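The primary structure of each chain is shown beneath.
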Amino acid sequence: LATLYGPLSMLLDHLVYTDGSDALPGGWSQSTDMISVFEDWFGPYPFASEKYGHSEVTFSGGMEHQTMTSLNGSSISLVSHELGHQWFGDEVTNKSWRHIWLHEGFATYSALLYFQQRANLYPGTYETQLAGTYANARTAIGTIVLADTSDVGDMFDQSRIYSKGSMVLYMLRWIVGDTAFRSILHQYLADPALQYNVANTSDFKRVVETVTGTDWDTFFSQWVENGTGYPFYSVCYTFAPDAGDWKVQVSLHQIQDASISNVNVFVMPVPIVIHTTGGDVNELVLNDQRDQLFTFIVPNQPTTVAIDPDKHILRDDTIGSRACATGAGPLAIRTDIVSIYPNPTNGVFSVQYQSGEEGKLELGVYDVAGRRVLSRSLTR
């Protein structure tokens, strides 16, 4: 079965088993529409002078090849994922297996993107697929850029390479906005050094930095290259009248430890929504410390505070709550460490400290790599 696509008159060639019907398997027929969506976000279909198509096979699932995908299945998720590989995997190929997320994470996000752009055709599917990918990404073990490629199953791990790789793009898009994200994808695929050639993660990061004009070392280190896990947040907040307005103080804490993540502080923009009697006030802060205090002035009486309510950040589902320090607000308690001995140690040790006021303290112990290995709550 063949058809023509748009002004390019590009051949769409579908090779199916003879069963007496001319009907295409399910989602195959949507490939024309998928191409139109992906060309908007990624740039021109990279093999327009030849064709695109599908070949029905007996093995399970799908496998993309330049211009022709082998499929035993016809779901929209499968078809859009494999089509996304024409750009991410075929137009630009990973330089080594360590960077396979540049194929699979991007193709996984391609399917999400299609469902989002065609929400009128598939209502609720984007939200469902996103929730599943988000949850699966949190089960990932290890870094996205692979340290070891000797195990094929580990190399193609769904949670790490597909889901968490996809969620890195999800967060990147949210941080930079749709216009810049589209430009990043276009420029990455059209880069003269990469197009119809090979790339690694540093190449993609270079394009992100070129488009945004900012440094992305920390983001890629903590989410892709060196970091594992995801942040756990807890919060306390207080409200107080302030010259006719209201002062809101929000004390934000990251509480992940080494069993969850090797990243002590995920440096991320964090949305804070202050619910008030006059409506919601939306704030965006840069959280770059383990414990950090933010102060806002709002015109109406606050009721509650929500942290990242739309889950733009790959994080734990629960935002923990904690008691604020005694006094006018969640101000940090002045605490000085007097001595730690023996140091270094791999066993029992003692800590002496002085605190300027009563309240609850959190003690964090870090190893030489900066990983939090022990935490204790103390009361003075």
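Remember, it's a predicted structure, so these values are computed and weren't measured experimentally.

**Here's the deal with unusual backbone geometry**
Inference 1: Within the chain, Thr67 stands out as a residue other than glycine whose phi angle is a positive 75 degrees.
Inference 2: Along the chain, Thr67 falls in the loop between β4 (61-65) and β5 (68-72).
Inference 3: Since its relative accessible area comes to 5%, Thr67 is described here as buried.
Inference 4: Of note, the phi angle at Asp308 is positive, near 45 degrees, even though the residue is not glycine.
Inference 5: For Asp308, the location among the structural elements is in the loop between β13 (302-307) and β14 (320-321).
Inference 6: With relative accessibility at 0%, the residue Asp308 sits in the buried group.

**Thoughts on the packing of aromatic side chains**
Inference 1: Scanning all chains against the criterion turns up 28 aromatic pairs.
Inference 2: Between Tyr45 and Tyr52, the aromatic rings sit 5.9 Å apart at their centres with planes inclined by 70 degrees, giving edge-to-face as the arrangement.
Inference 3: Both rings, one in Phe219 and one in Phe220, keep their centres 5.7 Å apart while their planes meet at 70 degrees; by these two values the pair is edge-to-face.
Inference 4: Judged by relative accessible area, Phe220 falls into the buried class, the value being 0%.

**Comments concerning the confidence of the model for the chain**
Inference 1: Scored by pLDDT, the chain comes out at a mean of 88, with 82% of its residues at no less than 70.
Inference 2: Segment residues 1-6: pLDDT under 50, and 19 contacts once partners within four positions in sequence are set aside and those in other chains are kept.
Inference 3: Counting interchain partners and residues more than four positions distant, the pLDDT-below-50 stretch residues 326-338 has 40 contacts.

**Quick word on helix α7 (residues 178-190)**
Inference 1: The end-to-end C-alpha distance of α7 is 18 Å, a good match for the 18 Å that 13 residues give at a rise of 1.5 Å each.
Inference 2: All of the buried residues in α7 are Phe181, Ile184, Leu185, Tyr188 and Leu189. Seen from one end, α7 has its buried residues packed into an arc of 115 degrees, which puts them on one side.

**Side note on the packing of α7 against helix α8 (residues 201-212)**
Inference 1: Closest axis-to-axis distance for the α7/α8 pair is 9 Å, and the angle between their directions is 130 degrees. Classed by the angle they form, the pair α7 and α8 counts as oblique. α7 and α8 meet at a crossing whose hand is right-handed. Between α7, through Ala180, Ser183, Ile184, Gln187 and Tyr188, and α8, the contact on the second element is made entirely by Phe204, Val207, Val208, Thr210, Val211 and Thr212.
Inference 2: Partitioning the contact of α7 with α8 into residue classes produces seven nonpolar, four polar and no charged.

**Quick look at the sheet that holds strand β11 (residues 279-287)**
Where strands meet in a sheet, backbone hydrogen bonds hold them as pairs that are either parallel or antiparallel.
Inference 1: The sheet built from three strands is open, its strands ordered β11-β10-β13 with antiparallel pairing. A single partner strand is all that each edge strand has here, and the edge strands are β11 and β13. Averaged over neighbouring strand pairs, the angle between their axes works out to 25 degrees when direction is ignored.
Inference 2: Two elements, strand β10 (residues 268-276) and β11, share nine bridges in a ladder whose sense is antiparallel. Residue pairing in the sheet places Thr276 in a bridge with Gly279 of β11.
Inference 3: Across the sheet, helix α6 (residues 158-176) is in contact with β10 and β11; its angle to β10 comes to roughly 65 degrees.

The rules behind these values
Residues numbered from 1 in each chain as written. Predicted model: local features only at pLDDT ≥ 70, side-chain atom pairs only at ≥ 80, totals over all residues. Heavy atoms only, no water. Helix = DSSP H or I, 4+ residues; strand = E, 2+ residues; numbered from the N terminus. Buried < 20%, exposed > 50% of the residue type's maximum accessible area, 1.4 Å probe, protein only. Phe/Tyr/Trp six-rings, centres within 6.5 Å; stacked < 30°, edge-to-face > 60°. pLDDT = per-residue confidence, 0-100. Contact = heavy atoms within 4.5 Å. Expected span 1.5 Å × (residues − 1). Arc of directions from axis to C-beta. Axes fitted to C-alpha atoms, helices over the stretch in contact; angles between N-to-C directions. Parallel < 35°, antiparallel > 145°, perpendicular 65-115°, else oblique. Left-handed = near helix turned anticlockwise from the far one by under 90°. Nonpolar A, V, L, I, M, F, W, Y, C, P; charged D, E, K, R; others polar. Pairing = 2+ DSSP bridges.

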